[in-house]
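Chains, contacts and geometry: an overview
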Amino acid sequence: MTQKKRVFGTLILAVIIAAANPSYAQPEKDADQTLSPYFLVKSHDPDVDQLPLKSTEAHVNISGVIADVTVTQVYKNEGHKPLEAVYVFPASTRAAVYGMKMTIGERTITAKIREREQARQEYNQAKQAGKSASLLEQHRPNVFQMNVANILPSDVIQVELKYTELLIPTDTVYEFAYPTVVGPRYVDRQAHEAGSSDMWTANPYLHQGEPPTYTFNIIVDIAAGLRIQDMACDSHKTGINYKGPGFATVTLDPSEKQGGNRDFILKYRLAGGKIETGLLLYEGKEENFFLLMMQPPKRVVKSRIPPREYIFIVDVSGSMHGFPLNISKKLLKDLIGNLRPTDTFNVLLFAGGSQLMSEHSLPASPQNITRAINTIERQRGGGGTRLLPALKRALSLPKIEGFSRSIVIATDGYVSVEEQAFDLIRNNLGRANMFTFGIGSSVNRHLIEGMARVGMGEPFVITKPEQAPEKANRFRKLIESPVLTGIKLDFGRFKAFDVEPPGIPDVLADRPVIVFGKWRGRPRGIISIQGLTGEHSFSKKVDVSGITSLQTNSALRYLWARHRIALLSDYNRLNKQDERVKEVTQLGLTYNLLTAYTSFVAVDTQIRLKDGQAVTIKQPLPLPQGVSDYAVGGNRSFAGKSVSSFAAAPSILGFKNKAMEESLEHKKEDRLAGESEIDATSHDKSTIELGEIIITGDLPEKSIREVLKKHIRSFNICFRQALKKQPDLKGKIVFKMVIDATGRVTKVHPDKSTKKDSEFKRCMLQELKKLHFPASKGGKKSIVLITFVLK
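This report concerns the structure included in the present document.

About the thresholds
Residues numbered from 1 in each chain as written. Predicted model: local features only at pLDDT ≥ 70, side-chain atom pairs only at ≥ 80, totals over all residues. Heavy atoms only, no water. Axes fitted to C-alpha atoms, helices over the stretch in contact; angles between N-to-C directions. Helix = DSSP H or I, 4+ residues; strand = E, 2+ residues; numbered from the N terminus. Parallel < 35°, antiparallel > 145°, perpendicular 65-115°, else oblique. Contact = heavy atoms within 4.5 Å. Salt bridge = Lys/Arg side-chain N within 4 Å of Asp/Glu carboxyl O. Buried < 20%, exposed > 50% of the residue type's maximum accessible area, 1.4 Å probe, protein only. Disulfide = S-S within 2.5 Å. Pairing = 2+ DSSP bridges.

**Some points on the packing of helix H3 (residues 323-337) against helix H4 (residues 366-377)**
Put simply, H3 and H4 touch, their axes get as near as 10 Å, and they point 175° apart. Put simply, H3 runs roughly antiparallel to H4. Where H3 abuts H4, its residues Lys329, Leu332, Lys333, Ile336 and Gly337 lie against Ile369, Ala372, Ile373, Ile376 and Glu377.

**What about the pattern of salt bridges?**
In total, this model carries 29 salt bridges according to the counting rule given. Residue Asp263 is joined to Arg445 by a salt bridge in which the shortest nitrogen-to-oxygen separation is 3.2 Å. Here the residue Asp263 occupies a position in the loop between strand E16 (247-252) and strand E17 (264-270), and Arg445 occupies one in helix H7 (residues 445-454), the gap between them amounting to 182 residues. Ionic pairing is found between Glu500 and Arg564, a salt bridge with its closest N-O pair at 3.0 Å. Linking Glu500 in strand E28 (residues 496-500) with Arg564 in helix H9 (residues 555-570), this pair joins segments that are 64 residues apart in sequence. Note on Glu500: relative accessible area 3%, which makes it buried. The exposure class assigned to Arg564 is partly exposed, which follows from its relative accessible area of 23%.

**Things to note about the state of the cysteines**
With the rule as written, the count across this model stands at one disulfide. A disulfide bridge connects Cys718 with Cys763, and the sulfur atoms are separated by 2.0 Å. Its S-S torsion of about -65° marks the bond between Cys718 and Cys763 as left-handed, since a negative value means left-handed. Here the residue Cys718 occupies a position in helix H14 (residues 712-723), and Cys763 occupies one in helix H15 (residues 758-769), the gap between them amounting to 45 residues.

**Section: the sheet that holds strand E36 (residues 688-696)**
Strand order in the open sheet formed by four strands is E36-E39-E37-E38, with antiparallel pairing between adjacent strands. Every interior strand has two partners, whereas the edge strands, E36 and strand E38 (745-750), have only one. Geometrically, the sheet is characterised by an average inter-axis angle of 20° between neighbouring strands, direction not taken into account. Taken strand by strand, helix H13 (residues 701-710) contacts E36 and strand E39 (782-790), and its axis lies near 150° from that of E36. Strand contacts of H14: E36 and E39, with the helix running at about 115° to E36, the strand carrying the most contacts.

Shape descriptors only; they carry no functional weight alone.
Set out below in structure tokens:
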């Protein structure tokens, strides 16, 4: 090889390593870099504690249809330098955050609600003065940021926040979802172009399979009001203690203390499939509030269903690589495979770019369905997540006369363009209904729910492959016939005002009609609701005079205000001069609520840091369970230029040239693994193969082999690199792994009989530690001996 080729090869390899291993790059952003998440780069300063968050715990009280949640975060400085901790965390999209307090030793400081800029100013002044302080801000309706300033060495600071939310049953099933981690967001802008509301996306992440560095716990107390028929938590291992027909306590199993890498989802059903309906009243000192929940009629299936056109938009970006994309494949196979012969459809795949199956929708013939399913099956996931261009392209497709169009989007939602997406959909209302499928263990529910809401459709969230058929079947039912249309509400003599929503949209799913509002005077009169179910009229009435106002319904003031704020700002792009910004700000200040324009700030009165300045540490987050390193690696910048193209377009070319796609896909994997044609040697024919596997535990050998086979290319790279120094490296090498009940590798080391090259062993140990296996059904750890054959 000439000197010129060596230099060129070194440069190319440097770019490839930077793209594949973002931890080589520095977290700091220059003006030309893309704003994006990055992998944690461990500090060499032993005096700095890089992991200040030690635990997060939620205590949930559910009374009837209202959940009240207390979240406690504990920060401790185990280093020798004072810290400022920054922690980005999620919440429910319906959460009304109404309180916060900070505890330092014996002192507890109750936070005050302030306009966002004023709260930030008070916090910074306290930080500069050496006082401990905490600041809670909202970046998205479901993404918050906690800053805790001046945590001195050995300090323990506890921050507690409170929120309430309404539980709305669907198909008679109540669901409480507690998000635990914010997934990495793709930002298609340079750092200097991004506004302050997007800066949080530049956050450190751990590698795939690495557990959270803090512990997680949750306790749920339920007073359902009616007898609980059944209850289950599929996301985490829990214990359920029934304390009476309508009372239960749910606790997290001790083995789940590192379960803060996926949404906690609890579902329950009341006896006889009943749901809490009727009128709740609250009489306050200055204002009175009500909540009306009315059970819709049973779904009536129309005898004649008009032909429909479906546009399937499928996310095949880096964050969907592996587990999430496998769920998407199962879902799309079900949805497309069950289209009616009278339907037409199209498929648009997107990552850094997009590719259409056809410039116009095609008949749902067996040949077209097979072609679409096969192409989706070949996707592997890679590249950025450019959602907006994909949406624009789908919405601009020519519409077929006489066909009702539905757009179906399958994505994890790991983007930062929520408001732009909502605007785009809103501006194209009438062209299609929008149905969204959030795919993965911790999806961006704000985007998933918001796109469906403004697109007059329904959102679905799928966390496991086995849920795909049931969700697909639910989707088909919604399409066939809405539950209730043409809804009209009459309050009669009940003096209601400031009613939310001002107009009630069609009810597609089997869930109650929800109406918030205020009332004045004496509660009396009849509230009636009317509409159409199928081809028949529907009517229901509530006698207000028979309802008692209760002080236990005080959360209604928060829920009304939060619902009003949602309509004004959650799904709109607002500039600072917009009148709605003033209204949202005033609502936040009046009702003591966290919003995009109001924040909570707590400041200690004591000056605690008298010399020096605190080191700012961003708390690293775990990748959501099932999400691969591609979600972070595909977004990084190198040498001031975006390198997301390294993992972009090849995976979406399936409709045009299958052979080219597969060829490019393999090249992409080689680059991401650190291989290059420049490194090609006579060792290319040398391979590492799986040999005997001995298991102590209940993990099936088939499952273990499947995981290992997916990573065989990485093992081969270790082998070929080692061959350069030791060409005679052949034979067998045995590794011993300990896999805990969640499928995480806790220990791995070479078997004592192994005497192979040390560099090869180090490389293999590093790769094996990254693996994540299926969870144990028996809740036990497994010990596995794996033999690799070097040829």
